[in-house]
Amino acid sequence: MNSALIIIFGITAFALFLGIRARSGHDMDLEQWTVGGRSFGTIFVFLLMAGEIYTTFTFLGGSGFAYGKGAPAYYILAYGTLAYVISYWLLPPIWRYAKEENLISQPHYFAKKFDSPALGLLVALVGVVALVPYLVLQFKGLGLIVSIASYGSISSTLAVWIGAAVVTVYVMLSGVRGAAWNAVVKDFVILGIVVFLGIYMPMHYYGGFGAMFDAIEKAKPGFLAFPARGSSVTWFQSTVLLTALGFFMWPHSFGSVFTARDERIFRRNAIVLPLYQLILLFVFFVGFAATLQVPGLQGPDIDLSLLKLSIQTFDPWFVGVIGAAGVMTALVPGSMILTSAATLLANDVYRSNLKSDASDAVVRRLAQALVPVIALIAVCFTLYGGSTIVALLLMGYNFVTQLFPAVVASLLTRNPVTKQGAFCGILTGAIAVAAITLTKSTLGGLFPFLPESLQDLNVGMVALVINLCVTAIVSALTQQGLARAPSRA
Amino acid sequence: MPLRLLALLPFVGILVGVAFVNMPFVLAWIVGWIILSAVIMGIIYALDPSNRIR
């Protein structure tokens, strides 16, 4: 066993210990397990909300995207900032309503706001479908990190199984509390590693940032600006907008809102979180540094660029430290996603639709029992899928963004969207996303008559437009029906 | 309402501005707007009466 592997296993064991220890002093009832007893202060909520910034998506996917695509990677830097601006007005009223009604999940919110258990069920199912690729990308990253950092002595497949087992154990025991404590450790570790690598790699290989970008511009002219076609400016604009709208629509992001003890926490976070996002610059710098140093990685292999460059540069013990940081970026978000998916199925599918008299204790036990089942499904998709990490996340985003129009409408003083309108809009939007994903369609392929600049629009926008049209039409029709119906008062 | 109009600036700067400007210049432009966004949100927080301690 090499030194890299010892360090990776040591950190993983520490994460497991911390995750299990988080339950001490707390009676793990349903509210504690799912939303931490609504007792989290600024730091914990900040780290849970910022959790997505430092997942394997950014650690490997961000550097890989910069390595393989160049300028289009900038979208990762931009969308979070716009999402936090939106959150200033979006999250406080959601938090207030959730606190008043004692809500613990996103479908719970929809079911109450629109007075429609069926809508809650649909939102739960859309949430679970979107969370699977998100969990898959964490496991995929985990497999890559351990396999590469162990110099091949542990296969990617075995690494995925070990990682899934660790996440499953501490989620079953500690729920969101385990994730929160590990988020603290993870963010400190990854912050140090990413900043160090982002400064050291360009200095070591090129002598500085300017020299690195000069060399890239000479070797690959135009690589650092958006291309005229494909991942063009139009693609950037539509992808940033789509992902910014969907940022807080993930079941676990929505759920992290419920953990806060004060609504001002969200407004304060909206100031600081955009700056926290800037750490991603250093991830890009590593990817850019790798462009000319480890050339030739293609397709899904672009996600390996950070690790390949690290192995080429450092001793095994330090590769172990980098690998351990990477493992943490998979374990913490993975545990949040698993907690969310299990709660959605137990509380919002089982209790809300099949057995309404189920007690909190029964729901919690069912959620805990579902954790290994969901992990197993994600492991299967991980081992048999071939997408890049960024492609997996964008697929999930296309699904969750379908919930945005109904959420915004629900916050208006006079909600123009009826429960039938919201249901039909979300359903058609989700079906459109599934069809687009399965057929690997592009906007240019679907509508070849469109102007060239529009053909690069993110295809998820098509689903969102269909969703909006259906929501508006069905709401108009059902409101007319309500107006014509005799009053029962 | 004026506060919400102020919050539109980052959207215009990042989404529309990039089309005009396309360290890499585009990257520097986005980073500049991220820093500006934090400043704008700080101003909004300071001016927003709902943040005053009741």
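Given the structure is predicted, the values throughout are model-derived calculations rather than measurements.

**Structural notes on the overall build of chain A**
- Along the backbone of chain A there are 22 helices and 0 strands.
- The 489 residues of chain A split such that 60% are buried.
- Nonlocal contacts in chain A, meaning residues at least 24 apart in sequence, comprise 85% of its contacts between residues at least 6 apart.
- For chain A, the computed accessible surface area is about 17700 Å², with 66% contributed by carbon and sulfur atoms.

**Some words on the pattern of salt bridges**
Residues and elements named next belong to chain A.
- A full pass over the atoms with the stated rule returns 1 salt bridge over all chains.
- For Glu-101, the salt bridge goes to Lys-112, with nearest N and O atoms at 3.7 Å. Separated by 11 residues along the polypeptide, Glu-101 in helix α5 (residues 75–101) and Lys-112 in helix α6 (residues 106–113) bring together distant segments of the chain.
- The exposure class of Glu-101 is partly exposed, given its relative accessible area of 31%.

**Comments concerning the packing of helix α4 (residues 56–69) of chain A against helix α7 (residues 117–149) of chain A**
All names here are of chain A.
- As a packed pair, α4 and α7 sit with axes 9 Å apart at the nearest point and diverge in direction by 65°. Considering their axes alone, α4 and α7 lie roughly perpendicular with respect to each other. Crossing geometry of α4 relative to α7 is assigned as left-handed. Contact residues: Thr-56, Phe-57, Phe-59 and Leu-60 in α4; Leu-137, Gln-138, Gly-141, Leu-142, Leu-144 and Ile-145 in α7.
- Per-class residue counts for the contact of α4 with α7 are 7 nonpolar, 3 polar and no charged.

**Quick notes on the packing of aromatic side chains**
All names here are of chain A.
- Evaluation of the coordinates by the stated rule reveals 30 aromatic pairs over all chains.
- Geometrically, the ring pair formed by Phe-213 and Phe-288 is edge-to-face, given 5.6 Å between the ring centres and 70° between the ring planes. Placement of the pair is Phe-213 in helix α9 (residues 209–219) and Phe-288 in helix α13 (residues 280–293), with a sequence separation of 75 residues. Considered together, Phe-213 and Phe-288 belong to a single accessibility category, that of buried residues.
- Pairwise contacts between aromatic rings join Phe-65, Tyr-75, Tyr-79, Tyr-84, Tyr-134, Trp-235, Phe-247, Phe-248, Trp-250 and Tyr-397 into one cluster.
- Note that Arg-267 overlies the ring of Tyr-88, its terminal NZ or CZ placed 5.9 Å from the centroid.

**Quick look at α7 of chain A**
All names here are of chain A.
- Across its 33 residues, α7 extends 47 Å between first and last C-alpha, which sits within 8% of the 48 Å expected from 1.5 Å per residue.
- Of all the 33 residues making up α7, 27 are buried; the element is thus mostly covered by neighbouring parts of the structure.
- Just downstream of α7 lies Tyr-151, where phi reads positive at about 55°.

**Quick look at the confidence of the model for chain A**
- Across chain A, the average pLDDT comes to 81, with 85% of residues at or above 70.
- When mean pLDDT is taken per element in chain A, helix α18 (residues 404–411) of chain A scores highest with 92 and helix α2 (residues 30–35) of chain A scores lowest with 54.

**So, the side chain of Thr-234 of chain A**
Residues and elements named next belong to chain A.
- Looking at the element boundaries, Thr-234 is found in helix α10 (residues 233–246).
- We classify Thr-234 as buried; its relative accessible area is 16%.
- Beyond its immediate sequence surroundings of up to four residues, Thr-234 is in contact with Ser-453, Leu-454, Asp-456 and Leu-457.

**Section: the packing of α10 of chain A against helix α17 (residues 389–400) of chain A**
All names here are of chain A.
- The N-to-C vectors of α10 and α17 enclose an angle of 60°; their axes lie 9 Å apart at closest approach. Between α10 and α17, the interaxial angle falls into the category oblique. The handedness of the crossing between α10 and α17 is left-handed. For the pair formed by α10 and α17, the contact residues are Trp-235, Thr-239, Leu-242, Thr-243 and Gly-246 on the first element and Leu-394, Tyr-397, Asn-398 and Val-400 on the second.
- A per-class count over the contact of α10 with α17 returns 5 nonpolar, 4 polar and no charged.

Each value, and the rule that gives it
Residues numbered from 1 in each chain as written. Chains lettered and ligands numbered in written order. Predicted model: local features only at pLDDT ≥ 70, side-chain atom pairs only at ≥ 80, totals over all residues. Heavy atoms only, no water. Helix = DSSP H or I, 4+ residues; strand = E, 2+ residues; numbered from the N terminus. Buried < 20%, exposed > 50% of the residue type's maximum accessible area, 1.4 Å probe, protein only. Contact = heavy atoms within 4.5 Å. Areas by Shrake-Rupley, 256 points an atom, 1.4 Å probe, with all protein chains shown as cover. Salt bridge = Lys/Arg side-chain N within 4 Å of Asp/Glu carboxyl O. Axes fitted to C-alpha atoms, helices over the stretch in contact; angles between N-to-C directions. Parallel < 35°, antiparallel > 145°, perpendicular 65-115°, else oblique. Left-handed = near helix turned anticlockwise from the far one by under 90°. Nonpolar A, V, L, I, M, F, W, Y, C, P; charged D, E, K, R; others polar. Phe/Tyr/Trp six-rings, centres within 6.5 Å; stacked < 30°, edge-to-face > 60°. Lys NZ or Arg CZ within 6 Å of the ring centre and 35° of its normal. Expected span 1.5 Å × (residues − 1). pLDDT = per-residue confidence, 0-100.

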